[in-house]
Amino acid sequence: MTTFTVAGTTLSSRLFLGTSHYPSPQVLSDAVTASATQVLTVGLRRLQPENGGGNSFWQRVQAMNCHILPNTAGCHTADEAITLAQMAREIFGTPWIKLEVIGDDYTLQPDTHATLQSATVLAKEGFAVFAYTTDDLVIAQKLQDAGCAAVMPWAAPIGTGRGPLNPYALETLRRRLPDAVLVVDAGLGRPSHAAAVMELGFDAVLLNTAVAQAGDPVRMARAFADGVAAGRAAYESTPMPERAAAQASTPTVGVPFWHAP
C-alpha cells in the first residue's frame, strides 16, 4: 500500500484508530499492534495526562509509538473547541488537532458553521486541523480553503456502524477536491465499509467503536487493516468501468454457432 502525507508527516498506514471504549488497556494495545496504525486519537475531555487518574493510561498510549491526534470531542461552540485545542497543544505537545464541534446531541452531527469558524482560527494559529464534518461539498471546500490539514467527512452518524449512507456524496467530494487529504471519519462498522470508501479514493479512514466494541477487537482491528489495504489497492489499480449490459469474457471469434433443432 502506498504512503501518503498529511500535515508534513508521511504515513504508511491509512487506518487511524480511536482509544476509547475498549474492554481493557491491554486489548487496546493489542488492537493497535494488530492494526499497524500510526495515528491514535485521544479525547482531552476524557484524558488529561497531568491528572493522576489518567496518567497510567496516557503512559500506555505513549508507549505505542504512534502519532497522537487529540480531539475536541464534547465541544458545542467554536470558542470551546478553540480553547480545548490550545490546551491539547500544551498537554500533548503536538499541533495536530481533530476538530469536533457538535451541533446536535442526538445524531452527534457536527455544527459545520462553528467548525469552519474554529478551523479558520486554529489554522492561522499554526494548528494542523483535522476537521470532522458532514459529506457536504461546500463546507468541505471551505474547510480546505481555511487551511485544514485534512477534511474528515462522516460516512454515517458516529457509533452507528451503518457504513456509507451516501456514497455518491463521498465520491463527489473526492472528485471535486482532488488535492485535499480526505479521511472518512465516523459511521463505519465493518471492514467492507472501509474497503468501499477507500475504493472511492479516500486517503484514510478513522474509526473507534467498530473495533473497540467488536466481540474480538484484536481480530477486528486486523480485519479493518486488511479492508483498508484492499480498498486502496483496488482504487490504485483502476477498476473496470461499469456496463449497462452483459459482455462475455470468453472470445467468440472463431467459435462455431449452431441452432438447436
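Relevant structure appears above.
Residues numbered from 1 in each chain as written. Predicted model: local features only at pLDDT ≥ 70, side-chain atom pairs only at ≥ 80, totals over all residues. Heavy atoms only, no water.

### Examining the packing of aromatic side chains
So, point 1. One pass over the structure, following the stated rule, counts one aromatic pair.
So, point 2. Where Trp96 meets Phe130, the ring centres are 5.1 Å apart and the plane angle is 45°; that geometry is what we call tilted. With a gap of 34 residues between them, Trp96 in strand β6 (residues 96–99) and Phe130 in strand β7 (residues 128–133) connect regions that are remote in the sequence. With respect to burial, Trp96 and Phe130 carry one shared label: buried.
So, point 3. The ring of Tyr132 carries Lys98 above its face, with NZ or CZ at 6.0 Å from the centroid. (Phe/Tyr/Trp six-rings, centres within 6.5 Å; stacked < 30°, edge-to-face > 60°. Helix = DSSP H or I, 4+ residues; strand = E, 2+ residues; numbered from the N terminus. Buried < 20%, exposed > 50% of the residue type's maximum accessible area, 1.4 Å probe, protein only. Lys NZ or Arg CZ within 6 Å of the ring centre and 35° of its normal.)

### Quick notes on the pattern of salt bridges
So, point 1. Across all of its chains, the model carries four salt bridges by this definition.
So, point 2. Of the charged contacts, one joins Asp185 and Lys98 as a salt bridge, the two residues approaching to 3.1 Å between their closest N and O atoms. Pair noted here: Asp185 is in strand β9 (residues 183–185) and Lys98 is in strand β6, with a separation of 87 residues, a long-range link. With respect to burial, Asp185 and Lys98 carry one shared label: buried.
So, point 3. Two residues, Arg174 and Asp203, come together in a salt bridge whose shortest N-O distance is 2.9 Å. Of the two residues, Arg174 sits in helix α6 (residues 167–176) while Asp203 sits in the loop between α7 (191–199) and β10 (204–207), which places them 29 residues apart along the sequence. For the pair Arg174 and Asp203, a shared accessibility class is recorded, and that class is buried. (Salt bridge = Lys/Arg side-chain N within 4 Å of Asp/Glu carboxyl O.)

### Regarding α6
So, point 1. Among all positions in α6, only Ala169, Leu170, Thr172, Leu173 and Arg174 are buried.
So, point 2. Lining the buried residues of α6 we find α5 (137–145), β8 (150–153) and α7. (Contact = heavy atoms within 4.5 Å.)

### As for the layout of surface pockets
So, point 1. Roughly 320 Å³ of volume is contained in the second largest pocket.
So, point 2. Residue lining of the second largest pocket: Glu171, Arg174, Arg175, Glu199, Leu200, Tyr235, Pro239, Met240, Pro241 and Glu242, and that is the complete set.
So, point 3. Among the elements that line the lining of the second largest pocket, the one with the most residues is α6, at three residues.
So, point 4. Partitioned by chemical class, the residues of the lining of the second largest pocket number five nonpolar, no polar and five charged. (1 Å grid on protein atoms, 1.4 Å probe; cavity = no way out; pocket = protein on both sides within 12 Å on 5 of 7 lines; lining within 4 Å. Points joined across faces, edges and corners; volume = space filled by probe spheres on them. Nonpolar A, V, L, I, M, F, W, Y, C, P; charged D, E, K, R; others polar.)

### Quick look at the side chain of Thr115
So, point 1. By secondary structure assignment, the location of Thr115 is in helix α4 (residues 112–124).
So, point 2. Judged by its relative accessible area of 1%, Thr115 is buried.
So, point 3. Those residues in contact with Thr115 that lie beyond four places of it in its chain are Leu99, Val101, Pro110, Ala131, Tyr132 and Leu143.

### Concerning the side chain of Thr37
So, point 1. With respect to the secondary-structure elements, Thr37 resides in the loop between α1 (25–35) and β4 (39–43).
So, point 2. In terms of polar contacts, Thr37 uses its side chain to reach the backbone carbonyl oxygen of Leu15, at 2.5 Å.
So, point 3. One polar contact links the side chain of Thr37 to the main-chain carbonyl oxygen of Val39, over a distance of 3.1 Å.
So, point 4. Excluding residues within four positions of it along the chain, Thr37 makes contact with Ser13, Leu15, Phe16, Leu17, Val32 and Cys66. (Polar contact = N/O pair within 3.5 Å; in protein donor to acceptor, adjacent residues only side chain to side chain.)

### Let's talk about the packing of helix α3 (residues 78–92) against α4
So, point 1. Close contact between α3 and α4 brings their axes to 9 Å; oriented N to C, the two are set at 35°. Relative to α4, the crossing made by α3 is right-handed. In this structure, α3 contributes Ala78, Ala81, Ile82 and Ala85 to the contact, and α4 contributes Ala114, Gln117, Ser118, Val121 and Leu122.
So, point 2. Class assignment for the residues of the contact of α3 with α4 results in seven nonpolar, two polar and no charged. (Axes fitted to C-alpha atoms, helices over the stretch in contact; angles between N-to-C directions. Left-handed = near helix turned anticlockwise from the far one by under 90°.)

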